[in-house]
Amino acid sequence: MAPDIATPDTPAPGATVGVPEKPSIDGLEEKWVERWSAEDTYGFDRAAALTGPREQIWSIDTPPPTASGSLHVGHVFSYTHTDFVARYQRMRGKHVFYPMGWDDNGLPTERRVQNYYGVRCDPSLPYDPSFEPPATPDKNQLPISRRNFVELCMQLTEEDEAEFEKLWRRVGLSVDWSNVYRTISESSRATAQRMFLQNLARGEAYAQEAPTLWDVTFRTAVAQAELEDRERPGAYHRISFSGPDGPVFIETTRPELLPACVALVAHPDDERYRPLFGKTVRTPLFDVEVPVVAHRLAEPDKGSGIAMICTFGDLNDVTWWRELQLPTRAIVGWDGRILADPPPGVPAQPYDELAGKTVFSAQQRIVELLKESGDLDGEPKPITHPVKFFEKGERPLEIVTTRQWYIRNGGRDADLRDALVARGKEIQWVPEHMRHRYDNWVEGLNGDWLISRQRFFGVPFPVWYRLDDAGEPIHDEPILAPEASLPVDPSSDVPPGFDESQRGEPGGFIADPDVMDTWATSSLSPQVASGWDTDPELFAAVFPMDQRPQAHDIIRTWLFSTVVRAHFEHGTVPWTHATISGFVVDPDRKKMSKSKGNATTPIDVLERYGTDAVRWRAAGARPGADSPFDEAQMKVGRRLAMKILNVGKFVLGLGAENVDLASAADRITEPIDRGLLAALAKVVDEATAAMEAFNYTRALEVAETFFWSFCDDYVELVKSRAYRSDSGAESAQATLALALSVQLRLFAPVLPFVTEEVWSWWQSGSVHRALWPAATELPTGGDPAVVAVTAEALAGVRKAKSDAKVSMRADVETATVIAPEAQVAALEAARSDLTDAGRIADLSVLAGEGPLTVQVVLAPVPDA
RNA sequence: GGGCGCGUAGCUCAGCGGGAGAGCUCUCGCCUUACAAGCGAGCGGUCGCAGGUUCGAUCCCUGCCGCGCCCA
């Protein structure tokens, strides 16, 4: 019978491969990774899933890692967290749709290709079909065409992906490796372009010439989501403008923008400047006349309370420019240098002293000029202030006016914003409080989502522009790629009705030069993974997906953008649950990252402690909580894994191996045995409830607590009975078999390797395809107190031996247990197990006041 | 400055209205025929501080202090 996820293998005794003499953790990963692959243990049964009810599917929108990046222990933890859920859901009998993707768009890959091959992209070069990268990269990067560059990106990422896949398999992720996507594949690019065209057709995407935050190093536009504020040193320069009734002093950190000044602004309630509103002043050095205006965003207690508005020094300038309808006087170019020509109305002198300079040197020169002219009042006052940076950049952002594509995200539209906030409420957040990150972000947006990037390796906009007779692009009438032709690369493909010779010629056409932001493509991971564009049947079955696992730092980017896209295209949320994992932090509580140099390489740790041990440690990090990396903890996980192997071997050797699990319950007669299973039933219920709430930490904890007392107390108590061959032995053996079966399954999601190993010794099929345990598998009516109280009495005997510093094997002449009346019967019920385990010759059990106590008289030690 | 989370044993963390807990570390023992990569026993905390609610507060409320993350 082919394994069917809906009816997992039932335990079948006799299918044993035998219990090894000396079980070992070493080599388990290799063995089981290979076996799971060969047997397709984690395959998604598409046919069965499509015919079954939606509730029988669990679909996961796995984060696609950047394969050209590097993985550290933090990644291993968070992907493992997802795997816990996937394995649990699979054992619940669901068809688990668990693909893996690789997100190789954008900057990280471009940089890696540049360094790895020693090349750089020059889009003006023609494609060279015979190009081979240099054998050893030269310091001087070899310029190559965009298409050659992209080919190298594809080639290198493929190698990187293979490495990543190997690691993920080693980590034990139960991914369906036949279902892998790349965000740069033909079909992903087609999906992204088709979706973009849909957004465009519905008016959800648009192009606009607008002030844009711009990174001069990378020469690309930057979206709000990619910004970060950094505290930077600066200085207030107090500069005098000439007003109608004498000088007006402003304080600015960017005096070099003086030629870009279009107005002065103060708060409408500011008495000091009220008389100036509506009048004009003249700029120093350039003598340009600018109005004095009032606006609520001007801060009276900042500097002198009146500020100059420039094109554009910061985002406030943009707001003032827009709301007060001021002219533009742009002076900073895309390269971060002062433009060659002054803006209209600004005199060439002394502007040409600044032309071509970086903003830094321009500032130095302006300050000199202001000093010479006497318009600088005093020395600049050093301050530190927040400056906007691209999160990956090293130079402050400039604001330049460029033509860019945008997708609406509610930043300029209250109705859309409300709709997206409402979508957030449809998502179940784990942990719950992470939803605030989403709400805060959406409610704080102040513009639409800028998706154009001036990069090479990414999904191009499927758009061309006609050129007029003067060779200028006609932006108002973009030529869209026909749907059937997707994906297209407009820089090498030709729009319908044109031929290649017309590219760049007057009356011909030109390609949109940009590619999509990485989030604009990765925001479609649910659609790509679920086959929106390629497999509508599958898509209908698995979308909206059940789970989006991700880290909390990209709620504003990846999570939000995915919600936006699904909202527009499908009118739904993309998934019903967002499981947010925390970070692994170093001992100083700093987030682990390669750039900080505090990252731990996963493979070393996996080899040192074994995968199960590392997974065990990952399970100790609760959903959403940051967790310090601590190798000492790994040892504990390794010990647990070892213990499972050993106790498995022992229990099976006691006779549990030959127990028929289906009828085992009937043979369990001893009260302590029934009590054990009653306690286990409670553990199963608790662990199940915890897993349902995505609390794998709690589920593991209850299973583990039970397991250690099972090993240390219960097994010790019953082992001598189990060695016999009577009905008492049968009862113990049946109990051991049931308890082992249930516990292996409880541990299976966290410790897939050792549980599978032990399972294979006596069961057929994979434990990972077995059903998650249910309390109903276990006999009812047992009293857990029998085990607990008997174990307590045994502990008392052990303490006496420990205090006397004798071996646990030492004989006890008499032991007197005084216990509350209610516990006496429980102790009597387990009397022979207790006397055997404690090696007690004469046991008295008496009812008494207070908690249980044990008085022990050790047997005299015979002389050796 | 705003939002969110967190301050409990040396470390990592549970508990969240009536007994202060686990694992690791540490100490002392034990070669016990599953496991010495083991087992047993033990030491260790005025639950951040100050108020309040309550018969009763680690737990609820308020305010501080400290740490972290996100956003301005």
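Since this is a predicted model, take the numbers as computed values, not measurements.

## With respect to the protein's contact with RNA strand B
If you check the shell around RNA strand B, you find 39 residues, and the closest are Asn440, Arg556, Arg638, Arg639 and Arg809. Here, RNA strand B places atoms within 4 Å of the protein, and 75% of those atoms are sugar or phosphate. Arg638 has a polar side-chain atom sitting 3.0 Å from a base nitrogen of RNA strand B. Lys805 places a polar side-chain atom, nitrogen or oxygen, 3.5 Å from a sugar or linking oxygen of RNA strand B. Put simply, the parts of the chain that give the surface near RNA strand B at least two residues each are helix 11 (435-443), helix 18 (631-653), helix 20 (696-723) and helix 23 (784-803). It is helix 18 that contributes the most residues to the surface near RNA strand B, 9 residues altogether. Residue composition of the surface near RNA strand B, by class: 11 nonpolar, 9 polar and 19 charged.

## Focus on the environment of His475
With respect to the helices and strands, His475 occurs in strand 21 (residues 473-480). Sequence separation between His475 and Leu834 is 359 residues; the distance between their C-alpha atoms is 88 Å. Among all residues touching His475, those that are not within four sequence positions of it are Arg403 and Tyr465.

## Side note on the pattern of salt bridges
Under the definition given, this model contains 58 salt bridges. For the salt bridge of Arg274 with Asp269, the shortest nitrogen-to-oxygen distance reads 4.0 Å. Arg274 gets classed as partly exposed once you look at its relative accessible area, which sits at 38%. Classification of Asp269 by relative accessible area gives exposed; the value is 52%.

## Quick word on the pairing of strand 14 (residues 306-310)
Within strand 14, 4 of the 5 residues are buried, which leaves it mostly tucked inside the rest of the structure. As paired elements, strand 11 (residues 261-266) and strand 14 share 5 bridges and run antiparallel to each other. Bridge pairing in strand 14 links Cys261 to Cys310.

## Let's talk about the nonpolar core
Side chains that are nonpolar tend, in soluble globular proteins, to be buried together. If you look at the biggest cluster of nonpolar residues, it comprises 91 residues, and the most contacted ones within it are Ile644, Leu680, Phe710, Tyr714, Leu736, Leu746 and Leu827. Residue contributions to this core peak at 14 residues, all from helix 20. Excluding residues within four positions of it along the chain, Tyr714 makes contact with Ile672, Asp673, Leu676, Ser709, Ala732, Thr735, Leu736 and Val787. If you look at the next biggest cluster of nonpolar residues, it comprises 64 residues, including Ala192, Leu416, Leu538 and Ala541.

## Quick notes on helix 3 (residues 73-91)
Relative to the 27 Å expected for 19 residues at 1.5 Å per residue, helix 3 spans 26 Å between its end C-alpha atoms, a close match to the ideal helical length. Of all 19 residues that make up helix 3, 18 are buried, and the element is covered over most of its length. Looking one or two places after helix 3, you find Gly93, whose phi comes out positive at around 95°.

## Here's the deal with the environment of Arg90
Note on placement: Arg90 falls in helix 3. A sequence separation of 481 residues divides Arg90 from Gly571, and the C-alpha atoms of the two residues are 29 Å apart.

## Observations regarding the sheet that holds strand 24 (residues 545-551)
Pairing is parallel across the open sheet formed by 3 strands, whose spatial order is 17-25-24. The outermost strands of the open sheet, each flanked by one partner alone, are strand 17 (428-430) and strand 24. Sheet twist, expressed as the average angle between the axes of neighbouring strands with direction ignored, equals 20°. Across 3 bridges, the pairing between strand 17 and strand 25 (residues 575-581) is parallel. Residue pairing for strand 25: Val430 is matched across the bridge by Thr579.

## Some words on the sheet that holds strand 7 (residues 205-215)
What links the strands of a sheet is backbone hydrogen bonding, and the strands pair in either a parallel or an antiparallel sense. The antiparallel open sheet is built from 4 strands, whose spatial order is 8-7-16-18. The open sheet is flanked by strand 8 (220-221) and strand 18 (449-450), the only strands paired with a single partner. Sheet topology note: the strand 7/strand 16 (residues 398-407) ladder contains 10 bridges and is antiparallel. What sits directly across from Ala205, in strand 16, is Ile407. Relative to strand 7, helix 6 (residues 186-201) is tilted by about 110°, and along the sheet it contacts strand 7 and strand 16.

## Digging into the packing of aromatic side chains
Evaluated as defined, the whole model comprises 26 aromatic pairs. Ring plane angle 40° and centroid distance 5.0 Å describe the contact between Trp214 and Trp334, whose orientation is recorded as tilted. Taken together, the residues span a long stretch of sequence, with Trp214 in strand 7 and Trp334 in the loop between helix 7 (315-323) and helix 8 (348-351) at a distance of 120 residues. Look at Trp214 and you get buried, because its relative accessible area is 1%. Classification of Trp334 as partly exposed rests on a relative accessible area of 49%. When the ring of Phe707 is compared with that of Phe747, the centres are 5.4 Å apart and the planes differ by 90°; the resulting orientation is edge-to-face. Taken together, the residues span a long stretch of sequence, with Phe707 in helix 20 and Phe747 in helix 21 (residues 727-747) at a distance of 40 residues.

Procedures and definitions
Residues numbered from 1 in each chain as written. Chains lettered and ligands numbered in written order. Predicted model: local features only at pLDDT ≥ 70, side-chain atom pairs only at ≥ 80, totals over all residues. Heavy atoms only, no water. Near = heavy atom within 4 Å. Polar contact = N/O pair within 3.5 Å; in protein donor to acceptor, adjacent residues only side chain to side chain. Helix = DSSP H or I, 4+ residues; strand = E, 2+ residues; numbered from the N terminus. Nonpolar A, V, L, I, M, F, W, Y, C, P; charged D, E, K, R; others polar. Contact = heavy atoms within 4.5 Å. Salt bridge = Lys/Arg side-chain N within 4 Å of Asp/Glu carboxyl O. Buried < 20%, exposed > 50% of the residue type's maximum accessible area, 1.4 Å probe, protein only. Pairing = 2+ DSSP bridges. Core = buried A, V, L, I, M, F, W, Y, C linked by side-chain atoms within 4.5 Å. Expected span 1.5 Å × (residues − 1). Axes fitted to C-alpha atoms, helices over the stretch in contact; angles between N-to-C directions. Phe/Tyr/Trp six-rings, centres within 6.5 Å; stacked < 30°, edge-to-face > 60°.

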